[in-house]
Amino acid sequence: MNDPSAPIGVLDSGIGGFSVVARLKERLPHEDIIYFGDDSHCPYGSKTKEEVCTMTQQIVDFLVRKNVKAIVIACNTISTQALNLDGHNVPILEIIGPVCRSFSIATPRCVGIIGTPLTIKTKVYEKKLIEENPYLTAMGVPSPNLANLIEHGNFESKEIDRELLSVMKPILDKNIKHVILGCTHYPLVAKKFRDIFPDITFYDPAVFQADELTKLLTSYHIANLQESEGSFSLYTSGSSDCAIEAMERLKLRYPDSITENVLLKK
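Heads up: these notes are all about the structure in this document. (Residues numbered from 1 in each chain as written. Predicted model: local features only at pLDDT ≥ 70, side-chain atom pairs only at ≥ 80, totals over all residues. Heavy atoms only, no water.)

With 15 residues, helix H10 (residues 205-219) extends 21 Å from end C-alpha to end C-alpha; this agrees with the ideal 21 Å at 1.5 Å per step. Taken together, the buried positions of H10 are occupied by Pro205, Ala206, Gln209, Ala210, Leu213, Thr214, Leu216 and Leu217. (Helix = DSSP H or I, 4+ residues; strand = E, 2+ residues; numbered from the N terminus. Expected span 1.5 Å × (residues − 1). Buried < 20%, exposed > 50% of the residue type's maximum accessible area, 1.4 Å probe, protein only.)

The strand order across the open sheet formed by four strands is S6-S5-S7-S8, and the pairing between neighbours is parallel. The outermost strands of the open sheet, each flanked by one partner alone, are strand S6 (137-142) and strand S8 (201-203). Neighbouring strand axes in the sheet, compared pairwise and without regard to direction, differ in orientation by 25° on average. For strand S5 (residues 110-115) and S6, the ladder comprises six bridges, and the chain directions are parallel. Within S6, the residue paired with Val111 across the bridge is Ala138. (Pairing = 2+ DSSP bridges. Axes fitted to C-alpha atoms, helices over the stretch in contact; angles between N-to-C directions.)

A separate point is the nonpolar core. Nonpolar side chains in soluble globular proteins generally cluster together in the buried interior. One finds Val10, Phe18, Ile114, Met168, Ile180, Phe193 and Leu213 to be the most contacted residues of the largest nonpolar core, which totals 65 residues. Residues within four places of Phe18 in sequence aside, it is in contact with Tyr35, Phe232, Leu234, Ala243, Ala246, Met247, Leu250 and Leu252. (Core = buried A, V, L, I, M, F, W, Y, C linked by side-chain atoms within 4.5 Å. Contact = heavy atoms within 4.5 Å.)

A few words on the environment of Pro91. Within the secondary structure, Pro91 is located in the loop between helix H3 (76-79) and strand S4 (92-93). For the pair Pro91 and Thr214, spaced 123 residues apart in sequence, the C-alpha separation works out to 13 Å.

Our next topic: a negative patch on the surface. A cluster of acidic residues, Asp241, Glu245, Glu248 and Glu260, forms a negative patch at the surface. Of note, Glu260 is situated in the segment after strand S10 (257-259). A residue is classified by how much of its surface remains accessible, and Glu260, at 35% relative accessible area, is partly exposed. (Patch = residues over 30% accessible without salt bridge, like charges linked within 9 Å, V, L, I, M, F, W, Y side chains within 5 Å. Areas by Shrake-Rupley, 256 points an atom, 1.4 Å probe, with all protein chains shown as cover. Salt bridge = Lys/Arg side-chain N within 4 Å of Asp/Glu carboxyl O. Lys, Arg positive; Asp, Glu negative; His and termini not counted. Charge placed at Lys NZ, Arg CZ, Asp CG, Glu CD.)

Our focus in this paragraph is the packing of helix H1 (residues 18-27) against H10. Close contact between H1 and H10 brings their axes to 9 Å; oriented N to C, the two are set at 45°. In terms of their interaxial angle, H1 and H10 are classed as oblique. The element H1 and its partner H10 pack so that their crossing is right-handed. Two secondary-structure elements touch here, H1 through Ser19, Val20, Arg23, Leu24 and Arg27 and H10 through Ala206, Val207, Gln209, Ala210, Asp211, Leu213 and Thr214. (Parallel < 35°, antiparallel > 145°, perpendicular 65-115°, else oblique. Left-handed = near helix turned anticlockwise from the far one by under 90°.)

With that out of the way, let us pick up the pattern of salt bridges. As enumerated under the stated definition, the model contains twelve salt bridges in all. Put simply, Asp173 and Lys169 hold a salt bridge, and the shortest N to O gap is 2.9 Å. Of this pair, Asp173 and Lys169 are both found in helix H8 (residues 158-173), four residues apart, which corresponds to roughly one turn of the helix. Here Arg253 ties to Asp256 by a salt bridge, and the two come within 3.2 Å at their closest N and O atoms. Ionic contacts of the salt-bridge type, sharing partners, join the residues Arg23, Glu26 and Asp204 into one network.

Another point: the environment of Ala223. With respect to the element layout, Ala223 can be found in the loop between H10 and strand S9 (232-236). Separated by 195 residues in sequence, Ala223 and Leu28 place their C-alpha atoms 8.6 Å apart. Filtering out sequence-adjacent residues up to four positions away, Ala223 remains in contact with Pro4, Glu31, Lys69 and Leu217.

A full pass over the atoms with the stated rule returns eight aromatic pairs. Where Phe18 meets Phe232, the ring centres are 6.4 Å apart and the plane angle is 80°; that geometry is what we call edge-to-face. A residue pair is termed long-range when its members are at least 10 positions apart, and Phe18 in helix H1 and Phe232 in strand S9 qualify at 214 residues. Taking the relative accessible area as the measure of exposure, Phe18 reaches 0% and is therefore buried. Both rings, one in Tyr186 and one in Phe193, keep their centres 6.2 Å apart while their planes meet at 45°; by these two values the pair is tilted. One aromatic cluster in this structure is built from Tyr186, Phe193, Phe197 and Phe202. (Phe/Tyr/Trp six-rings, centres within 6.5 Å; stacked < 30°, edge-to-face > 60°.)

What follows is about helix H11 (residues 241-249). Three or more residues of H11 are buried, namely Ala243, Ile244, Ala246 and Met247. For H11, the angular spread of buried residues about the axis comes to 160°, placing them on one side. Exposed side chains of H11 directed beyond 90 degrees from the buried face belong to Asp241 and Glu248. Next to the buried residues of H11 lie H1, S9 and S10. (Arc of directions from axis to C-beta.)

Encoded structure:
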């Protein structure tokens, strides 16, 4: 935790977390990043809370053994269970709180959230938004299919178009103009959201999470001061094929190392 040269750990259920890595690289280009995607168990959004906690704790333990100085949860579903995780004295930054705090001074009075069934079922977004701004009303809509479609690299499929129209219909019916993308997979098809719904303002929580991590590193005096670009290491419990496609789509550079089929300790 006290070593500025230590890497940042980033974890996700699959490839969605690369949308977070892209924001971190923009904001903190000199930081070394170790990414773990649990592709063999994705999607997490249809699993129980207990399953999510068990699998995520194994990833946290893995990253702690890599001597990371902070852990970034690049997954909304996992973030709903962040308080149940043991970071072994390494700070854990979830993705939901930072974007919700931004609405304490924002002008919208009604906010929509789309996410996985488990994320929406917990109503954590609604609770945190109203805690920050009691004058807000919030509406969550679950998508059982969108994250999984994106996870398998179907970025331009008509099936995704149909799923977007379906998940956004209740929000459009309420004339809500501000929507949080409550799953890190969704920014991989951000252009589709903007093209199909040009009158809606979409919020990527990763932007706010990157800002919060920057503040944490600064306050603890552990920002990496190296002049060169930080390294990027990829670990996955499955194959990296879709991961490479996602990184290319986000214009992330090829990882310095890739380790596939990682078996986590129980």
